[in-house]
Amino acid sequence: MAKLKTTYFCQNCGQQSAKWLGRCPSCGEWNTYVEEVVQKDEPEKGGWRSPSAGPGGIKVAAKPKALHAINYEEQPRVHTTDAELNRVLGGGIVQGSLVLIGGEPGIGKSTLLLQIALSLAGMRVLYVSGEESEQQIKMRAERLDAPTSDCHVMTETSTQNIFRVVEHFEPEILIIDSIQTMQSSLVESGAGSVSQVRECTAEFMKFAKESGVPVFMIGHITKEGSLAGPKVLEHMVDTVLTFEGDRHTTYRILRTTKNRFGSTDELGIYEMLGSGLRQVTNPSEILISQRDEALSGVTIGSMLEGNRPLMIETQALVSVATYGTPQRSSTGFDAKRLNMLLAVLEKRGGFRLGQQDVFLNIAGGLRVEDPAIDLAVCAAVVSSYEDIAIPPSVAFAAEVGLGGEVRAVSRIESRIAEAEKLGFKQMFISKYNMKGLDTKGFKINIKPVSRLDEVFQGVLM
Ligand code: TYD
Ligand code: MG
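Every value quoted in this text rests on a predicted model; they were computed, and no experiment measured them.

**Q** Teacher, can you tell me more about the UniProt feature "binding site: ATP" (unreviewed entry) in the protein here?
**A** The feature "binding site: ATP" (unreviewed entry), as given by UniProt, occupies Gly103, Glu104, Pro105, Gly106, Ile107, Gly108, Lys109 and Ser110 in the numbering adopted here. The topology assignment puts Glu104 in the loop between β6 (98–103) and α2 (109–119). Assessed through its relative accessible area of 39%, Glu104 is described here as partly exposed. Setting aside anything within four residues of it in sequence, one finds Glu104 in contact with Lys109, Ile221 and Phe243. When you line up the elements, Ile107 lands in the loop between β6 and α2. For Ile107, a relative accessible area of 3% translates into the label buried. Non-local contacts of Ile107, meaning those with residues more than four positions away in its chain, are made with Phe243, Glu244, Gly245, Arg247, Arg252 and Met272.

**Q** Would you explain the environment of Leu437 in this entry?
**A** Within the fold, Leu437 resides in the loop between β22 (426–430) and β23 (445–449). Assessed through its relative accessible area of 11%, Leu437 is described here as buried. As a C-alpha pair, Leu437 and Glu413 span 24 residues in sequence and 7.6 Å in three-dimensional space. Dropping the residues within four chain positions of it, Leu437 is found in contact with Ile412, Glu413, Ile416 and Ile429.

**Q** Would you explain the packing of aromatic side chains in this entry?
**A** By convention here, two paired aromatic rings are described through the distance between centres and the angle between planes. On inspection of all chains with the given rule, the structure shows six aromatic pairs. Ring geometry for Phe163 versus Phe207: centroids 5.7 Å apart, planes at 40°, classification tilted. Placement of Phe163 in helix α4 (residues 159–169) and of Phe207 in helix α5 (residues 194–211) is noted, with a sequence separation of 44 residues between them. On the numbers, 5.4 Å between centres and 15° between planes, the contact of Phe396 with Phe428 is stacked. Note that Phe396 is positioned in strand β19 (residues 394–397) and Phe428 in strand β22, a separation of 32 residues in sequence. A residue is classified by how much of its surface remains accessible, and Phe396, at 0% relative accessible area, is buried. An aromatic cluster is built from Phe163, Phe204 and Phe207, whose rings are joined through pairwise contacts.

**Q** Any chance you could explain the environment of Ile175 here in plain terms?
**A** Along the chain, Ile175 falls in strand β9 (residues 173–177). For the pair formed by Ile175 and Val99, sequence separation is 76 residues and the distance between their alpha carbons is 9.5 Å. Sequence-distant contacts of Ile175, that is, excluding residues within four places in its chain, are made with Leu113, Ala117, Val125, Leu126, Tyr127, Val128 and Phe216.

Rules used throughout
- Throughout, residues of each chain are indexed from 1 in the direction in which the sequence is written.
- Here every chain gets a letter starting at A, and every ligand a number starting at 1, in the order they are written.
- Reporting of local features is limited, given that this is a predicted model, to residues whose pLDDT is at least 70; pairs of side-chain atoms are given and counted only at 80 or more, and all residues count toward the totals for whole chains, interfaces and linings.
- To get the side-chain values, take all heavy atoms of the structure and skip hydrogens and water.
- UniProt positions are given in the numbering used here, feature names are shortened, and annotations may be inferred rather than shown by experiment.
- Working definition: helices are DSSP H or I runs of at least four residues, strands are E runs of at least two. Numbering for both runs from the N terminus.
- Buried means the residue's accessible area, taken with a 1.4 Å probe over protein chains only, is under 20% of the maximum for its type, while exposed means over 50%, and partly exposed covers the values in between.
- Between two residues, a contact is recorded if the distance between any of their heavy atoms is within 4.5 Å.
- Each aromatic pair joins two rings of Phe, Tyr and Trp (for Trp, the six-membered one) with centres within 6.5 Å, and gets the label stacked for planes under 30 degrees apart, edge-to-face for over 60, and tilted for any other angle.

Below, the structure is given as structure tokens:
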């Protein structure tokens, strides 16, 4: 018997080492090295073998071609009925592409892909699950009121068996749920290990490229945010979509992290209902809670998610700290940035926030990284502190600097247009955004400001 060949892999980033290491030199994580058997026996057996391959599965060597001699036609894309998905993929599913959908367990990845599979009427879809039984998938399909379609399901974890089935079944789309449960006989280590996940991905990639069948793979993401085990996976595939959201709220965001066939600035928003995921075509309307009377501490800011402007509700609660050190807590907004804004308000605005508890919440369970929300956050904090409500028809879009100055933000026109579309009457923006901005076309009343105090004089007096 041949000697087993083993290597140590970092389960976090996929780094290889001949010997065990306590700390990964690549990602810095401790105690992540695991020994895996990498011996490959009989490499000709199994794996995807393209019908065009020569005898014994050996492919004829490729020859270099002049770039101008290569015929190129725009790849026909499969347009799904899901407009959000089409958008994040850059305009539909590309033939022969390998798409990885990553997300935390329970966020709704299987639901999303099953729903897509069911909506592709007239296409032969093969949904391979290594996690759930056929009955469980059927149960889920019953909940989604999707049209009947040519979707077939199969429970299988061996890639070799999958390829054997695929050869006869000839699906037009292949869905793998999930890559961490797949196992190739070419690698000895267990399912979910770095070498196994890497090998299986490579096999599906080869299959997709040679057969032209688009493959969707689900990948679980660990708490740290990396694809479980291997980040290695991300650079192997064509497109990486991440499905995120708070499990306790109903909104989910599908974001393009990498796309060889389109822009990475796209995102789709869904709402998880009892009957599956619903596309949210006008996100701002749901992100702003319905209220008739004005409440103190609530403001509406503008944020860009990818290329889409969204109006989002920021809520602040400022109250006297009764127990020792004042608390600062923020949900959906960077806590350090909140502290910075509070310091600016204290120093430049003269608001005595040092002895106050400050709670900040971005409604809808979204996470905002766009600094254009700063002004809305400051206004919400001051509004709660002074207990003076800001009219619900006022919106904010500007960054706040350390000197208390109100700074310009990107793509101001589309932000204003979104606010106007949603019926806001007044919008505070930075004076520095006014250059080249044609305000005549807008019905909304634009208030250019350069300092924080001008804002508070404008809305709080
Ligand atoms: P699931 O797709 O199994 O998550 P993942 O594959 O990412 O692990 O979805 C899990 C959650 O979605 C589960 O807690 C139940 C919820 N859900 C609904 O709310 N409505 C539905 O119609 C379905 C199918 C699931
Ligand atoms: Mg699942």
